[in-house]
Amino acid sequence: MTADTTLTTVKVSTAARDRLAVLAAESQQSIGAFIAGVASRIPTTAELDARDERTRQVLAQLGADLTPADRDAGEALWAALDSGDDDALVRAARA
């Protein structure tokens, strides 16, 4: 946890709490530590936008400019990866 040790309550369903308890136990953490770890690893929209801009700047320095179609293809590939749909992943990779 961070230096801020103020705690709060998060209300979730019993099923969600039970699943979080299993996931936390498997990683030998408390539920609170597990949730804090997950939250720290998932980037916010602002963080993703900043990463995207830095990537575009580096690519431009290397002489590669992404077109809107390139970005759309990349977004489709990430969506297919996130969905776990192997057929969608193959289609996106071929695009």
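Use the structure listed above.
Summary of the structure given here. (Residues numbered from 1 in each chain as written. Predicted model: local features only at pLDDT ≥ 70, side-chain atom pairs only at ≥ 80, totals over all residues. Heavy atoms only, no water.)

## Some thoughts on the overall build of the protein chain
Point 1. In terms of regular secondary structure, the protein chain is built from five helices and zero strands.
Point 2. Overall, the protein chain shows an N-to-C arrangement of helices and strands of α-α-α-α-α.
Point 3. Taking the principal axes of the C-alpha coordinates as reference, the protein chain spans close to 45 × 35 × 20 Å.
Point 4. When the accessible area of the protein chain is evaluated, it comes to approximately 7,900 Å², of which 57% is carbon and sulfur surface.
Point 5. Where the 10 positive side-chain charges of the protein chain centre and where its 15 negative ones centre are 5 Å apart. (Helix = DSSP H or I, 4+ residues; strand = E, 2+ residues; numbered from the N terminus. Areas by Shrake-Rupley, 256 points an atom, 1.4 Å probe, with all protein chains shown as cover. Lys, Arg positive; Asp, Glu negative; His and termini not counted. Charge placed at Lys NZ, Arg CZ, Asp CG, Glu CD.)

## Comments concerning the pattern of salt bridges
Close approach of charged atoms allows side chains with opposite charge to pair.
Point 1. Overall, the coordinates contain four salt bridges when judged by the stated rule.
Point 2. Between Asp52 and Arg71 there is a salt bridge, with its nearest N and O atoms 2.7 Å apart. Within this pair, whereas Asp52 is found in helix α3 (residues 45-61), its partner Arg71 is found in helix α4 (residues 68-83), the two being separated by 19 residues in sequence.
Point 3. Taking the relative accessible area as the measure of exposure, Arg71 reaches 33% and is therefore partly exposed. (Salt bridge = Lys/Arg side-chain N within 4 Å of Asp/Glu carboxyl O. Buried < 20%, exposed > 50% of the residue type's maximum accessible area, 1.4 Å probe, protein only.)

## Section: unusual backbone geometry
Point 1. With a phi close to 55°, Gln28 is a non-glycine residue in the positive phi region.
Point 2. Within the secondary structure layout, Gln28 lies in the loop between α1 (14-26) and α2 (31-41).

## Side note on the environment of Ala21
Point 1. Within the secondary structure, Ala21 sits in helix α1.
Point 2. Judged by relative accessible area, Ala21 falls into the partly exposed class, the value being 33%.
Point 3. As a C-alpha pair, Ala21 and Phe34 span 13 residues in sequence and 8.9 Å in three-dimensional space.

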